[in-house]
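# Architecture and fold: a report
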Amino acid sequence: MTELSEGICDAMLGEGVRPSLHPHVGTWVESEEEGRAVLEALPESKLGFLPDTGHLAWAGADVGGLIKDYAER
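Quick summary incoming for the structure in this document.

Cut-offs and rules
Residues numbered from 1 in each chain as written. Predicted model: local features only at pLDDT ≥ 70, side-chain atom pairs only at ≥ 80, totals over all residues. Heavy atoms only, no water. Helix = DSSP H or I, 4+ residues; strand = E, 2+ residues; numbered from the N terminus. Buried < 20%, exposed > 50% of the residue type's maximum accessible area, 1.4 Å probe, protein only. Areas by Shrake-Rupley, 256 points an atom, 1.4 Å probe, with all protein chains shown as cover. Lys, Arg positive; Asp, Glu negative; His and termini not counted. Charge placed at Lys NZ, Arg CZ, Asp CG, Glu CD. Contact = heavy atoms within 4.5 Å. Polar contact = N/O pair within 3.5 Å; in protein donor to acceptor, adjacent residues only side chain to side chain. Salt bridge = Lys/Arg side-chain N within 4 Å of Asp/Glu carboxyl O.

### Here's the deal with the overall build of the chain
- Counting its secondary structure elements, the chain contains 4 helices and 2 strands.
- For the chain, the spread of C-alpha atoms along the three principal axes comes to 35 × 25 × 20 Å.
- Counting over 73 residues, the chain shows a buried share of 30%.
- As presented, the chain carries roughly 4500 Å² of accessible surface, and 57% of it is formed by carbon and sulfur atoms.
- Charge-centre separation for the chain: the mean point of 5 positive side chains lies 6 Å from the mean point of 14 negative side chains.

If you want it as structure tokens, here you go:
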């Protein structure tokens, strides 16, 4: 999955679009653990972070901790 995700990021970056992870309830990445796994698997240069604070809070995530840990994205 990481190679596929990295390839998608590369294709988007090649078109001038900055891909970002947006965890959302009801999607493949909705929990803190899932979001961290994706963000740790792909480098900052390829994937940004666009948190949905309401959905992350609903999923029980430490929203402040996530934002602090991935602020550079």
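From this point on, the discussion continues.
### Focus on the environment of P19
- If you trace the backbone, P19 turns up in the loop between α1 (2-14) and β1 (20-21).
- Residue P19 is classed as buried on the basis of its relative accessible area, which comes to 4%.
- In the structure, P19 is positioned 10 residues away from C9 in sequence and 6.1 Å away in space, judged by C-alpha atoms.
- Once residues lying within four places of it in the same chain are set aside, the contact partners of P19 are C9, M12, L13, K46, L47 and G48.

### Some points on the side chain of E32
- Topologically, E32 is positioned in helix α2 (residues 32-41).
- Only 2.8 Å separates the side chain of E32 from the backbone nitrogen of D62, close enough to count as a polar contact.
- Among residues more than four places away in sequence, those in contact with E32 are A61, D62 and L66.

### Re the side chain of R73
- Its location among the elements puts R73 in the segment after α4 (63-69).
- The charged side chain of R73 is buried without a salt bridge, its nearest counter-charge being E72 at 4.2 Å.
- Of note is the side chain of R73, whose polar atom sits 2.8 Å from the backbone oxygen of L39.
- Engagement of the side chain of R73 in a polar contact is seen with the backbone oxygen of L42, the distance being 2.8 Å.
- Not counting chain neighbours up to four residues away, the residues in contact with R73 comprise R18, L39, L42, P43, E44, L47, G48 and F49.

Take it as geometry only, folks, not as evidence of what the structure does.
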